[in-house]
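Structural overview for review
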Amino acid sequence: MKPETAIIRIKNLRLRTFIGIKEDEIQNKQDIIVNVVIHYCAIKARNSDNVADALNYRTITKKIISLIEDNRFSLLENLTNQTLAIASEHPWVEFASVEIDKPHALRFADSVSMELCYQKPQ
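Going by an unreviewed UniProt entry, the protein chain carries the name Dihydroneopterin triphosphate 2'-epimerase and comes from Shewanella denitrificans. Note on the protein chain: under the UniProt heading Catalytic activity (unreviewed entry), the record states "7,8-dihydroneopterin 3'-triphosphate = 7,8-dihydromonapterin 3'-triphosphate". Under the UniProt heading Sequence similarities (unreviewed entry), the note attached to the protein chain is "Belongs to the DHNA family."

Here it is as structure tokens:
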């Protein structure tokens with residue numbers, strides 16, 4: 001990791017959405033837990049204290065909340081991919097990962113999760 005890289009972590013964002021293919025999942029919202037990691041070059045923000053020089057994690061989080069709460073998803077892969085697209089859309093983003101947990105998806109497991117990553121092309 002380069003020394004000018006900053007890491008934003010959005011931890012345990014708890015939301016509700018329609019996710020799944022079973023009739024009960026189609027009819028009822030379920031809890032999900034979203035974790036996002038974003039790496040970006042923060043050299044300007046580190047030296048200026050100007051909000052315009054930083055990646056705004058609040059704006060990113062609001063977009064993620066809107067995506068998840070206002071839509072329906074059959075597959076966890078698709079939900080995770082669309083969330084990753086938001087996390088990685090800013091041109092300053094060098095790397096991003098999104099992990100989404102679906103608690104109680106399996107009878108004897110705490111949750112099932114999907115993680116996808118983005119790496120900016122060199």
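**Details of the packing of aromatic side chains**
Per the counting criterion, the structure on display carries one aromatic pair. The positively charged end of Arg72 is found above the aromatic ring belonging to Phe18, 3.7 Å away from the centroid.

**Quick word on the UniProt feature "domain: Dihydroneopterin aldolase/epimerase" (unreviewed entry) in the protein chain**
Sites flagged by UniProt as "domain: Dihydroneopterin aldolase/epimerase" (unreviewed entry) map to residues 8-118. Annotated as 32% helix and 41% strand, the span residues 8-118 places its first and last C-alpha atoms 14 Å apart.

**Quick notes on the pairing of strand E2 (residues 30-41)**
Here E2 lies mainly inside the structure; nine of its twelve residues are buried. Pairing of strand E1 (residues 5-19) with E2 involves eleven bridges; the strand directions are antiparallel. Residue pairing for E2: Ile10 is matched across the bridge by Val36. Across eight bridges, the pairing between E2 and strand E4 (residues 93-103) is antiparallel. Bridging across to E4, Val37 finds its partner in Ser97.

Criteria and cut-off values
- Residues numbered from 1 in each chain as written.
- Predicted model: local features only at pLDDT ≥ 70, side-chain atom pairs only at ≥ 80, totals over all residues.
- Heavy atoms only, no water.
- UniProt positions renumbered as here; feature names shortened; annotations may be inferred.
- Phe/Tyr/Trp six-rings, centres within 6.5 Å; stacked < 30°, edge-to-face > 60°.
- Lys NZ or Arg CZ within 6 Å of the ring centre and 35° of its normal.
- Helix = DSSP H or I, 4+ residues; strand = E, 2+ residues; numbered from the N terminus.
- Buried < 20%, exposed > 50% of the residue type's maximum accessible area, 1.4 Å probe, protein only.
- Pairing = 2+ DSSP bridges.

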